[in-house]
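Coordinate inspection notes
Residues per chain, in single letters:
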Amino acid sequence: MNDAVRAAVGARLREKNMSRADLARATGLNPTAISRALNGTQGGGTIPPAWAAMLDALGLTLAALPVEHISGGPVILPSDPQALEREITARVTAAVREALAQHGAAPEVEPGSAEGDKSTGPA
């Protein structure tokens, strides 16, 4: 496992106000196994060699991210940075529109629309 994943797990434990012993009980794992995994010591849960090689060759890393549930299922986000940016922009736009609609307001002009572009052409 990598340090970023270990740090994310530690942060999530603190966020949920859980101890390592609580995590051991929740997972059914031995508390010693939890400590080894989180400390990165011997037998602490390494990435299998085949996966490590594939991730390295593709320039990828493992990451531990909180799972958010929308409509009863996990949200799967694209790994491509441009696709991720488009997805986030679409979700934020939808959330803003929903909030405005709930308060009886509507966006005046769509960003990037012809109405929203008040320029008179090239300078």
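All values reported here derive from a predicted model rather than from experimental measurement.

Quick word on the nonpolar core
Among the nonpolar cores identified, the biggest contains five residues, and these are Leu13, Leu23, Ala24, Ile34 and Leu38. Those elements giving two or more residues to this core turn out to be helix 2 (20-27) and helix 3 (31-39). Ignoring sequence-local partners within four residues, the contact set of alanine 24 consists of Leu29, Asn30, Pro31 and Ile34.

As for the packing of helix 1 (residues 3-15) against helix 3
Interaxial distance between helix 1 and helix 3 falls to 8 Å at its minimum, and their mutual angle equals 125 degrees. As the angle between them shows, helix 1 and helix 3 are arranged oblique. Of the residues in helix 3, those touching helix 1 at Arg6, Val9 and Leu13 are Ala37, Leu38 and Asn39. Across the contact of helix 1 with helix 3, the residue classes tally to four nonpolar, one polar and one charged.

Observations regarding the pattern of salt bridges
Here the structure, examined in full by the defined rule, presents four salt bridges. Linking arginine 25 and aspartate 22 is a salt bridge whose minimum nitrogen-to-oxygen distance equals 2.5 Å. Placement of both arginine 25 and aspartate 22 in helix 2 is noted, with a separation of three residues, approximately one turn of the helix. For arginine 25, a relative accessible area of 60% gives the class exposed. When the shortest N-O distance is used, the salt bridge between arginine 91 and glutamate 87 registers 2.5 Å. With arginine 91 and glutamate 87 both in helix 5 (residues 81-102) and four residues apart, the pair spans about one turn of that helix. Under the relative-accessibility criterion, arginine 91 is labelled partly exposed at 34%.

About the thresholds
Residues numbered from 1 in each chain as written. Predicted model: local features only at pLDDT ≥ 70, side-chain atom pairs only at ≥ 80, totals over all residues. Heavy atoms only, no water. Core = buried A, V, L, I, M, F, W, Y, C linked by side-chain atoms within 4.5 Å. Buried < 20%, exposed > 50% of the residue type's maximum accessible area, 1.4 Å probe, protein only. Helix = DSSP H or I, 4+ residues; strand = E, 2+ residues; numbered from the N terminus. Contact = heavy atoms within 4.5 Å. Axes fitted to C-alpha atoms, helices over the stretch in contact; angles between N-to-C directions. Parallel < 35°, antiparallel > 145°, perpendicular 65-115°, else oblique. Nonpolar A, V, L, I, M, F, W, Y, C, P; charged D, E, K, R; others polar. Salt bridge = Lys/Arg side-chain N within 4 Å of Asp/Glu carboxyl O.

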